[in-house]
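# Report on the structure
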Amino acid sequence: MSQFQKEIVQAVLIADNNAWNFKPLSDEASTALLPLVNVSMLDYALIALNRSGVEEVFVYASLYLQDIRQHIKEGIATFASWSFKMTVHVIGGEGCRCFGDAMRDLDAKALIRGNFILLGADTVTNADLRPVLEQHKRTAKFDKGAAATLVFKESTSSTARTGNELLIAMDRQSTRLHYHQRLRMNHKEARYQIPLDVFLGNSSVTLHHNLLDPQIAIGSPSMLSLFSDNFDFQTRDDFVRGLLINEELLDSRIYVSLLPPAQYAHKVNNWLSYQLVSRDIISRWAYPLVPDMGVYKLQQQYVFYKDNIYKSHDANVSKVALQENVVIQAGSQVDAGTTISSSVVGANCRIGKNCQLNNVFLMANVTIHDNCQLRHCVIGPDAVINEKCVITAGCVLGAKCVLPANTKLSNTLVTSSQDTQRTEENEKIELDSIGPKAYIVSDVTTGDPDDSDGEEDLLPKATTLCIPKMSEIQAQANDASDYSYSSDDDDEDESRVATPLPDDTNIFLSEVIDSLTRGFREKSNPDFLILEINSSRYAYNMSLKEVNFNVVKAVFGMESILEPANNNVLVAINAAFKQLGPVVSNYIKSEDAMFDCLKALEDICEENELVREKISQVVHYLYDKDFISEDAIHAWYKQLDPKEQAPLRQSLAKLVDWLNQSSEEDDDDDDDDDDE
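For clarity, every value in this text was computed on a predicted model and none was experimentally measured.

A count of helices and strands for the protein gives 20 helices and 34 strands. In the protein, which comprises 676 residues, the share counted as buried stands at 52%. By sequence separation, contacts in the protein at least 24 residues apart represent 59% of the contacts at least 6 residues apart. Accessible surface computed for the protein: about 31800 Å², of which carbon and sulfur atoms make up 47%.

Formed by 65 residues in total, the largest nonpolar core has its most connected members in Leu 36, Leu 46 and Val 59. Each of domain 1 (8–267) and domain 2 (301–421 + 430–442 + 469–475) gives at least three residues to this core. In this structure Val 59 touches Leu 13, Ala 15, Leu 42, Leu 46, Ile 68, Val 88, His 89, Val 90 and Ile 91, once residues within four positions along its chain are discounted.

What follows concerns the side chain of Ser 204. Within the secondary structure, Ser 204 is located in the loop between helix 5 (197–200) and strand 11 (205–219). Since its relative accessible area comes to 13%, Ser 204 is described here as buried. Among the polar contacts listed, one links the side chain of Ser 204 to the side chain of Gln 173, at a separation of 3.4 Å. With residues up to four places along the chain from it excluded, the contact list for Ser 204 reads Met 170, Asp 171, Arg 172 and Gln 173.

Attention shifts here to the pattern of salt bridges. According to the stated counting rule, one finds 20 salt bridges in the structure shown. Close ionic contact of Asp 143 with Arg 253 constitutes a salt bridge, the shortest N to O distance being 2.8 Å. Here Asp 143 is found in the loop between helix 4 (130–142) and strand 8 (146–154), whereas its partner Arg 253 is found in strand 12 (residues 253–258), with 110 residues between them in sequence. Residues Asp 143 and Arg 253 agree in their burial class; the two are buried. Look at the salt bridges and you will find they share partners, linking Arg 182, Asp 213, Arg 236 and Asp 237 into a network.

Viewed as axis vectors pointing N to C, helix 11 (residues 504–522) and helix 12 (residues 526–539) meet at an angle of 170 degrees, and their least axial separation amounts to 10 Å. Judged by the angle between their axes, helix 11 and helix 12 are roughly antiparallel. Contact residues: Phe 508, Glu 511, Val 512, Ser 515, Leu 516, Arg 518 and Gly 519 in helix 11; Leu 529, Glu 532, Ile 533, Ser 536 and Arg 537 in helix 12. Here the residues of the contact of helix 11 with helix 12 are counted per class, giving five nonpolar, three polar and four charged.

Okay, a nonpolar patch on the surface next. Residues Leu 196, Phe 199, Leu 200 and Leu 207 make up a contiguous nonpolar surface patch of about 410 Å² in total accessible area. If you trace the backbone, Leu 196 turns up in the loop between strand 10 (177–182) and helix 5. A relative accessible area of 57% means that Leu 196 is categorised as exposed.

The next point concerns empty space enclosed by the protein. Evaluated as defined, the whole model comprises three cavities of 30 Å³ or more. Elements supplying a minimum of two residues to the lining of the largest cavity: helix 9 (271–282), strand 21 (343–345) and strand 23 (356–362). For the lining of the largest cavity, the element with the highest residue contribution is helix 9, accounting for four residues. Classifying every residue of the lining of the largest cavity by side-chain character gives three nonpolar, seven polar and one charged.

Turning our attention to helix 3 (residues 99–109). Every buried residue belonging to helix 3 is among Phe 99, Gly 100, Ala 102, Met 103, Arg 104, Asp 105 and Leu 106, and all of these are buried. Ala 110, located one to two residues past helix 3, shows a positive phi value of around 55 degrees.

On to unusual backbone geometry. With an omega dihedral of 0 degrees, the bond running from Lys 23 to Pro 24 counts as a cis peptide bond. Look at the link from Tyr 287 to Pro 288: it is a cis peptide, with omega at 10 degrees. Here Pro 288 is to be found in the loop between helix 9 and strand 14 (303–305).

With that out of the way, let us pick up the sheet that holds strand 19 (residues 333–334). The six strands are arranged 16-19-22-24-26-29 in an open sheet whose pairing can be described as parallel. Strands with a single pairing partner mark the edges of an open sheet, and in this sheet they are strand 16 (316–317) and strand 29 (402–403). Looking at chain direction, strand 26 (residues 384–385) and strand 29 are connected through two bridges and run parallel. In the sheet register, Ile 385 faces strand 29, and the bridge partner there is Leu 403.

The next point concerns the environment of Glu 134. Along the chain, Glu 134 turns up in helix 4. Residue class for Glu 134 comes out partly exposed when judged on its relative accessible area of 39%. A C-alpha to C-alpha distance of 9.8 Å links Glu 134 and Asn 115, two positions 19 residues apart in sequence.

A separate point is the confidence of the model for the protein. Taken as a whole, the protein shows an average pLDDT of 81; of its residues, 85% reach a score of 70 or greater. Across residues 468–502, where pLDDT falls below 50, the model places 64 contacts with residues more than four positions away in sequence or in other chains.

Let's shift gears to the environment of Ile 530. Tracing the backbone through its elements, the reader meets Ile 530 in helix 12. A sequence separation of 53 residues divides Ile 530 from Val 583, and the C-alpha atoms of the two residues are 6.2 Å apart. Ignoring anything within four residues of it in the chain, the contact list for Ile 530 reads Pro 582, Val 583, Asn 586 and Tyr 587.

Most of strand 11 is tucked away, with twelve of its 15 residues classed as buried. Pairing analysis gives six bridges linking strand 8 to strand 11, with the strands arranged antiparallel. By the bridge assignment for strand 11, Thr 149 is matched with Ile 218. Bridge count for strand 9 (residues 165–171) against strand 11 is six bridges, and the pairing is antiparallel. Paired with Ile 168 across the strands is His 208, a residue of strand 11.

Next up on the list: the packing of aromatic side chains. Note on aromatic pairs: each is described by the distance of the centres and the angle between the planes. Using the criterion set out here, one finds 13 aromatic pairs in the structure. Relative to Phe 239, the ring of Phe 233 lies with its centre 5.9 Å away and its plane at 85 degrees, an arrangement referred to as edge-to-face. On the numbers, 6.1 Å between centres and 70 degrees between planes, the contact of Phe 577 with Tyr 621 is edge-to-face. Taken together, the residues Phe 577 in helix 15 (residues 569–587) and Tyr 621 in helix 18 (residues 615–624) connect sequence positions 44 residues apart. Accessibility classification places Phe 577 together with Tyr 621 in one group, the buried group. The ring of Phe 304 is capped by Arg 284, whose NZ or CZ atom sits 4.3 Å from the centre of that ring. Positioned above the aromatic ring of Tyr 637 is the side chain of Arg 649, whose terminal nitrogen or guanidinium carbon lies 4.4 Å from the ring centre.

For the pair helix 15 and helix 18, interaxial distance at closest approach is 11 Å and the crossing angle is 25 degrees. Compared by their axis directions, helix 15 and helix 18 come out roughly parallel. Note on packing geometry: the crossing formed by helix 15 with helix 18 is right-handed. Of helix 18, the residues touching helix 15 (which contributes Leu 570, Ile 573, Asn 574 and Phe 577) are Gln 617, Val 618, Tyr 621 and Leu 622.

Reading the values: rules and limits
Residues numbered from 1 in each chain as written. Predicted model: local features only at pLDDT ≥ 70, side-chain atom pairs only at ≥ 80, totals over all residues. Heavy atoms only, no water. Helix = DSSP H or I, 4+ residues; strand = E, 2+ residues; numbered from the N terminus. Buried < 20%, exposed > 50% of the residue type's maximum accessible area, 1.4 Å probe, protein only. Contact = heavy atoms within 4.5 Å. Areas by Shrake-Rupley, 256 points an atom, 1.4 Å probe, with all protein chains shown as cover. Core = buried A, V, L, I, M, F, W, Y, C linked by side-chain atoms within 4.5 Å. Domains from an automatic or database assignment. Polar contact = N/O pair within 3.5 Å; in protein donor to acceptor, adjacent residues only side chain to side chain. Salt bridge = Lys/Arg side-chain N within 4 Å of Asp/Glu carboxyl O. Axes fitted to C-alpha atoms, helices over the stretch in contact; angles between N-to-C directions. Parallel < 35°, antiparallel > 145°, perpendicular 65-115°, else oblique. Nonpolar A, V, L, I, M, F, W, Y, C, P; charged D, E, K, R; others polar. Patch = residues over 30% accessible without salt bridge, like charges linked within 9 Å, V, L, I, M, F, W, Y side chains within 5 Å. 1 Å grid on protein atoms, 1.4 Å probe; cavity = no way out; pocket = protein on both sides within 12 Å on 5 of 7 lines; lining within 4 Å. Points joined across faces, edges and corners; volume = space filled by probe spheres on them. Pairing = 2+ DSSP bridges. pLDDT = per-residue confidence, 0-100. Phe/Tyr/Trp six-rings, centres within 6.5 Å; stacked < 30°, edge-to-face > 60°. Lys NZ or Arg CZ within 6 Å of the ring centre and 35° of its normal. Left-handed = near helix turned anticlockwise from the far one by under 90°.

Here is the structure:
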């Protein structure tokens, strides 16, 4: 009867990832247990597997093995959501130094009995992987050499790269992978180099340059044996590269599956992606993996208010403004006069009076005394920040750090003990001290000698492992709101507001800005830029009015105008229109289009102070260059609200008077000609 038994769905979860990208916290605990919106990353991965019908999971770890075992035991004892209908085994080996070693050890242990799901503990996804598993099984029936199916997600974001971005070439019909290239961080390729054999040897090839790699794969049993037979396979990228180069020799092939647009998947591999994924979870893009759904515990821990504010019933938040995108866990206390925005506060934190927190991530039991300012930073568990400290621009404080009063830090990693920092030769490093329990982490200890992720070329050499400033990206992702939550309104019933779907108009604008910026930098043919814009227009079903409006906004949204040299915005505008004028003229032809152009300037004035101060000269410049007409300016000026837009009307008043005088003089000249 055993031949009729149902095949158990198995999964392998690799817990040792990015041990160097999360310093100094990774020196003190496993990155798999790092809290992400107050839930450990390991739990997100286990929840994803449970939702995908997995019945048996092998969590593989070599670092902090006992901590991970204890976490799994506690999860089972407290009835974590993933503990139902799923058996979790924690295994590991002391000699494991990379992903390839883990796969070879799994092969030696002979624990995997069929096709399996391969996932990293740092992957956050709400995707149902059962269809992908079935697709892989069907592929394996027709191709006995199918070693793996890699799962990718199309990206619509224009944010900074996180190291997870890919360029691939695959067969359109069979989805077989032919080319794989990981894109560099902080780099924008002007062109890609793809081997000619990819196109000569295949009749139907599709290129994708907008993919994210969430580190999800479906593996065949042969995948493990391939690692055992090839000891040079150290990382997953080594495995992919080796099979693509030696397909005929190894008789193995890789296939691709793209997740549907509605499903979310992202790898948290550094502090930049940590903040991006936190923002996505708070903004409900990863639904149902959101704080108020009882993701980890099957009970509601937060009340969800407007503007993505999540507050625990047991949090004491008195006379404090929670502006937007804030999570406050149970047991935390915030005193009067403090404002918090775009931040996550862990359990049992204490925040004093008159503090300002923006894009801050506090772990459990953090104490912040009065009059502190924190922006774009991560504070480890049990840390203490004394009065009047200013922490900005990507600082990360380790567990149990104590900052003295009046400390100012920027772009700094801080640890509580020198003992955690050692060189490759395991020699102790003397660190600069800023307090009895606060030492600045040396650059000597921030490189990865083993390159455990195989991403040696992705981070520029000068890059520090600090969390980047994200205010600009945050503003693009979420529309600003005037609503703020106060604890005085606790008794009010706030209705749940559904998070809107991604705005096609914003995506279109972002793509046009990218096209024009590249075209301006490379002095591209305007006709090619027009083709790109029209392609985006049809892709997002934009009306002509919307195209007119957004093309003008895109020109003024280029970095050269947003941050002009010496703040001389007029020189920057002249340079931009000198190169991109034919593109703008292609759309701004009729009087209606000119009116759309001027309406776009209204928005631009609100967003760009330099343009607002020079708006009269900007309009005059566009008039002189024949982008807009006198009639269009008059029509636009008349519809400006005398009260709400009084400053704008005042700035334009002299220009309108000058146009009126010029028009009267022209009329007088015409009358004189008629008399003659």
